[in-house]
Amino acid sequence: MLTAVDSRDGGGGSLNTDVMMLVTLNPATHAATVVSIPRDLELKPEKYGLSSHKANYYYAYYYGQDRDTAIPRTKELFSNIFQVPIDYMAVINFDGFRQMIDALGGLEINVDMDMRYTDSEDGTNINLKQGLQTLDGKNTLDFLRYRKSNEGTDDSSDIARNERQQIVLGKLIDKLTSLGGISSWGGLLDIAGNSLKTDIPEETLRDWIYSFRSLKPDTIEFLHLDGRWDSPYIVVKEEDLVQAMDALRKRAQPPGNLRQTWHPRIETTLP
């Protein structure tokens, strides 16, 4: 499970997970599936002793109780709700993400629309023009975060923002496995050390780093959860959610005889 939180000065320190992705990588088939969870999706985990909230609420809630157990408790909750075993979870803060993109020299992104939004309280100043361009870390983050405008451009949506997150993830994977990206890994690891929280064992993480190019999937299936806005939540069709989770489990199955006993594994790819 890959997530990103806003811990910037002036951002309120909410630690809400405004980016949430469930990612399956199957090294045997060199294929991956990514499902973005809308931040405004309503979850109803009453049987787990919790009240209904937006999906981006629960990590911050657990973190406020005990920062050392926030990741395993969040992982367990989402695993139970979506009935998908989650092996690992990674949480990167917005500032670390911005630094990572800058260290890679930016990402070439086709910005789908003019984006303009300002907020003096948290320092947000989004000002992007439509078209293909190389975005630095700050502008890549703005591209990911944009949803509403107060400066005359069209509003976006939570669903469109999820699609942008998947575009950026694909571009990021390509950049990380390029020759220039690999040469930047030393600096990226320093950034991750200061900005990334994860329960991936150090030895496993080291193995992934050393074999990152060989682990890169040949195909990545990005699944979008379309929904309608029913304030204050996004409402997703149940059949779409079921199909997405089934796709995650299927992707994790080994090649060959699928009738053998198999426990699906959801693995998180580091940004």
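Keep in mind that this is a model prediction, so the values were computed, not measured.

Caption draft 1: Highlighting unusual backbone geometry. With omega at 5 degrees, the peptide bond leading from Ser231 into Pro232 counts as cis. Relative to the helices and strands, Pro232 resides in the loop between strand S13 (227–230) and strand S14 (233–236). Here the phi dihedral of His30 falls at roughly 55 degrees; this positive angle occurs in a residue that is not glycine. Mapped onto the elements, His30 comes out in the loop between strand S2 (17–26) and strand S3 (31–36). A relative accessible area of 31% places His30 in the partly exposed class.

Caption draft 2: Seen up close, the packing of aromatic side chains. On inspection of all chains with the given rule, the structure shows 6 aromatic pairs. With centroids separated by 5.1 Å and ring planes inclined at 85 degrees, the aromatic side chains of Tyr57 and Tyr58 adopt a geometry described as edge-to-face. Judged by its relative accessible area of 26%, Tyr57 falls in the partly exposed class. Measuring from ring centre to ring centre gives 5.7 Å for Tyr59 and Tyr63, while their planes differ by 45 degrees; the resulting arrangement is tilted.

Caption draft 3: The pattern of salt bridges, seen in detail. A full pass over the atoms with the stated rule returns 14 salt bridges. Close ionic contact of Asp102 with Arg98 constitutes a salt bridge, the shortest N to O distance being 3.6 Å. You can see Asp102 and its partner Arg98 sitting in helix H3 (residues 94–103), 4 residues apart, about one turn around the helix. For Lys216, the salt bridge identified is with Asp174, shortest N-O distance 3.2 Å. Here the residue Lys216 occupies a position in the loop between helix H9 (212–215) and strand S12 (219–223), and Asp174 occupies one in helix H5 (residues 158–176), the gap between them amounting to 42 residues. For Lys216, a relative accessible area of 27% gives the class partly exposed. The class of Asp174 is partly exposed, set by a relative accessible area of 42%. Among the charged side chains, a salt-bridge network with shared partners connects Asp18, Arg39, Asp40, Lys54 and Arg147.

Caption draft 4: Here's a closer look at the sheet that holds S12. As summarised here, the arrangement of the 6 strands in space is S11-S6-S1-S2-S3-S12, forming an open sheet in which the pairing is mixed. Each edge of the open sheet is held by one strand with a lone partner, namely strand S11 (196–198) and S12. With strand direction ignored, the average angle separating the axes of adjacent strands in the sheet is 20 degrees. Along the sheet, helix H10 (residues 238–252) makes contact with S2, S3 and S12, crossing S3 at roughly 160 degrees.

Caption draft 5: Structural view of helix H7 (residues 185–195). Residues of H7 that are buried: Trp185, Leu188, Ile191, Ala192 and Ser195. Along the long axis of H7, the arc covered by the buried residues comes to 115 degrees, so they all point the same way. Turned more than 90 degrees from where H7 packs its buried face, Asp190, Gly193 and Asn194 sit exposed.

Conventions we followed
- Residues numbered from 1 in each chain as written.
- Predicted model: local features only at pLDDT ≥ 70, side-chain atom pairs only at ≥ 80, totals over all residues.
- Heavy atoms only, no water.
- Helix = DSSP H or I, 4+ residues; strand = E, 2+ residues; numbered from the N terminus.
- Buried < 20%, exposed > 50% of the residue type's maximum accessible area, 1.4 Å probe, protein only.
- Phe/Tyr/Trp six-rings, centres within 6.5 Å; stacked < 30°, edge-to-face > 60°.
- Salt bridge = Lys/Arg side-chain N within 4 Å of Asp/Glu carboxyl O.
- Pairing = 2+ DSSP bridges.
- Axes fitted to C-alpha atoms, helices over the stretch in contact; angles between N-to-C directions.
- Contact = heavy atoms within 4.5 Å.
- Arc of directions from axis to C-beta.

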